[in-house]
Structures are given as structure tokens and as C-alpha cells.
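Here are the chains, one letter per residue:
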Amino acid sequence: MVLPDNALVQHPTIAPQISGIVKVSGFDVKELRVSYDASDDTLSVGIGQPASQNQPGTVIAGDADNNGNSGTVNPAVTSTPGFAGFQDVADMGGTEHMGIFLDFLGTGEAQIVAGFSAIPAPGDAAKPFQVAQAIPTGPNAAPAFGTELPQYEGNLYLVNSTSHPSLEFSIKDFSKLYQQVTGTAMTSTSLISMGAFGGSGQDIGISEAFFPQQEFSIDKATLPNPCPPISPTILVNPHEHRILDTTHRDLVRVYVFGTSGFDVNTIDPNTVDLSGAKPLTYFTRRWPHSEFPVVTYVFNAKDINLPAGLTTATFTAETTSGQKITSSREVLNIPYAAERAKGYLRTRMGYESAYKRLNPAAKSEVTASSSTSAAVNVGVASRQAAQALRVNYATQVSRTGTTTPVLTPRTVVSVNRASAASQAQESKVSRRLKASMDSYLSQAGGAR
């Protein structure tokens, strides 16, 4: 969105003695370009300036004498009588100032200011970009910088180059800043007023620029919704049936599958995350019967931030082009799993093969309830009473990861000997099988 130039904008005036040399001040403001990205809650601002007339393109931000370099002065200016003290300090140094101000309350006075202040930095230090509370200084005048709000300071783009002349910066967590000032949550229809300023106390003969605030609703500056995150198929610890133990330094493997529209080689490994953990290593290979590569990331289980029990592990990353990747998978997180898991659950975990180095302190926390006995006394006195008894052999695992052990079931076969012979006599074979058997016996000289 563009806040355009208008009749109320105060453009710098240049003394006639040097106007033919300077032509345009590097602190002039022609327009404001504003965008808001709801996906990361960032307001981005670019201060547009007029054409240089001395060089191709627009004048460089902060280039007071418009000589194509924001840190030097054209000798033609300083040799002009009365202008020997003209200065153009590099990187918005000295008293050079430029930025924007914001009015969230609609009072006509700014509450927030962002950019470079007119106060010189101490010593040889570079003047920092700031987001700060605004101190009004009067009508049609740039506000002063009050208490700095560094938590909202985003990126800065200021280059002494005719190829990239504009001052650009961002304010992060913009909706939080809005709520801090107004006390209400920002919505798509929230109204904001923005103005701008620029100038220097060391560019003799040139006045300052002032761009009065203009109102707009935030939805007008909001960028279109970005592409939704890619969500490739992932497997988390499939060799142990998605069972994790985040109390130990076990290796957890995550497999990310490529598709015809997604190449796993485009994932930026520096952006990979599994519920708070960063990968220890990774490698790419092709699986049998799959034409697309699969990348495997290996994590330290102790780095993964997940609650105990059945929970969801989330894999996030970005491609080298900035496309976001998000996939989730349910896992079972059992603290001290190698000590607590028994029976079928231990089978799924590979009989402790991955848990050779347990923390001795962890062993003392495992109570006797984690062991099973060979027999269980259920207090049944007669066979008739036992007929109503039912046993649940399913492994009991709570959401806290605690396993309630049960007796491992055994296969029991009951054969009624009294009826086995009669059942054998009554058994029949097909006519085709009988004919085949008879033929074999006859050829072997056997008798039926």
C-alpha cells in the first residue's frame, strides 16, 4: 500500500546558492510504502524519495547534497561562499534523522516513532535504528525519540548505493505493539495513521522534510495469504513403533518422504526442528520401490520437548526458497521406558537394544510395580466361581507414560480325548484326494 505525496507534504527547500548543485535533498519524502505480513506479525515500511536528477534513479536516503554518496560532500558545495561548513555524515550519523511516526489512537499526535533520531551517537559509535515511544514536539514537526522499545525493532535496510537508495525497515510483533498502546487487540479494520520526517542540522541551507500522517486500515496494507506450509509424509521412530523416551539420550529418527512436487533436497537443514530439538545429522537415500528420495534426520531424544504419554510430535522446517514445512505424527513418550516397558510393549521397543546406558538415578525411580510375578492369586475358592472371572491381557499405559504390567498370556489348547477318536472316524477327504491316495498305494504294492 502507498501513502502518496500531497499538497500538505513539506519538501525541503534548498538555498539558491547551491540549489543548482544539490537539486534534491536526500532527506526528502515523496511517499510511504507500507505492508503488513500477518503470518509473522511484521509491519514493513519503505520511505520513497524523489528522482535524484544528478544520478539515475532516486536520491540516496541520507545523501544531503545528492552527490551519489551519503558520506561525502561535493566540493562544489563547500567551495560556495557561506557553505564551507556543510556536512554529510555517513550512515545517518551526526544530527541526521529520518523515519516514520504512528498514531494508533487517532488523536493527531504520534505514540510511536521508528527510524533514526536527531541525537548523535556517543563517540564514534554508529547511530542505531530504533523503535521508541514518541515525544510530540508540536504541529508539523517530527516527534522526538523517547523510551526505546527494542523488542519491536525488526530488520533495517540502508545502503549507500544508487542501486539501492531507499531507507527500509520493519517493526516486528506489530499487533502486540498496537495492543500495548491502545489496550485493545488489533483487527483487520483497525485504523492507523502514519507520517514521516527527514533532515539534518549539518546540511547548511537545506530545510527539513515533513510528511503529515495519513490514516489507513491495516487490512489495506496486509499482504495476501502466503502459500500454506508443505506437509509431507513423515515417520517418527518407526523401527520402535513410534515409542520415544525423552528422559534418555536415545537416537530418534524422522523420515521425510519426497513426492513428485516436493524434493527433500530443497529442505534447509538449519531450519529443521522436531518439537524443540535440532538434528544431530541427516542423510538422503532412496527406499525400495520408491522413485523419490527420502531424507532421514536424527535427533537426541533428550532434546525433544514433549509431555509423557500419547502426544503429537511436530516436524517443522523451511525450504531454501523460504517455503514453510509442517508435519505432525502421534508418538508414545514413556519416561524410563526401558525399565517400565514389559511384554508386548518391550517387544515393540526391541528388547532394550537402544537403551544400554540408562541413568543410574533413573533406575531408583522405578518401583517394584514394574515387575511381574509368575502367578497371580485372585482369591477364587472354587472352579465354579472361576468361570465368571475375566482377565484383560492388554498392556495398560497411562497418559503419564506409566505402564501397569500384566501377566503375559499363554496359549492353552484343550482336547476332549473322549470324542477325538469318533471325530477322526467321521472325518472325510475329497474324492479327488482319495483317488490320488489309492493310486499311490496300489503302485507301491500296498493294501488298503
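Check the entry above for the structure.
Conventions adopted
- Residues numbered from 1 in each chain as written.
- Predicted model: local features only at pLDDT ≥ 70, side-chain atom pairs only at ≥ 80, totals over all residues.
- Heavy atoms only, no water.
- Helix = DSSP H or I, 4+ residues; strand = E, 2+ residues; numbered from the N terminus.
- Contact = heavy atoms within 4.5 Å.
- Areas by Shrake-Rupley, 256 points an atom, 1.4 Å probe, with all protein chains shown as cover.
- Salt bridge = Lys/Arg side-chain N within 4 Å of Asp/Glu carboxyl O.
- Buried < 20%, exposed > 50% of the residue type's maximum accessible area, 1.4 Å probe, protein only.
- Pairing = 2+ DSSP bridges.

1. Observations concerning the overall build of the protein chain
(1) Moving on: Helix and strand counts for the protein chain stand at 10 helices and 21 strands.
(2) Moving on: Partitioning the contacts of the protein chain with sequence separation of at least 6, the portion at a separation of at least 24 is 60%.
(3) Moving on: Working note: accessible area of the protein chain is about 24,900 Å², and carbon and sulfur atoms make up 51% of it.

2. Comments concerning the pattern of salt bridges
Pairs can form between side chains of opposite charge whenever their charged atoms are close.
(1) Moving on: Enumeration according to the criterion identifies three salt bridges in this entry.
(2) Moving on: Put simply, Glu31 and Arg33 hold a salt bridge, and the shortest N to O gap is 2.9 Å.
(3) Moving on: Between Glu318 and Lys324 there is a salt bridge, with its nearest N and O atoms 3.2 Å apart.
(4) Moving on: By relative accessible area, Lys324 is classed as partly exposed at 45%.

3. Topic: the sheet that holds strand E13 (residues 243-244)
(1) Moving on: The mixed open sheet is built from four strands, whose spatial order is E13-E19-E18-E15. Strands with a single pairing partner mark the edges of an open sheet, and in this sheet they are E13 and strand E15 (273-274).
(2) Moving on: Sheet topology note: the strand E18 (residues 309-318)/strand E19 (residues 324-333) ladder contains 10 bridges and is antiparallel. Bridging from a neighbouring strand, Ala313 pairs with Arg329 of E19.

So, to be careful, I would describe these as geometric facts and stop short of saying anything about function.
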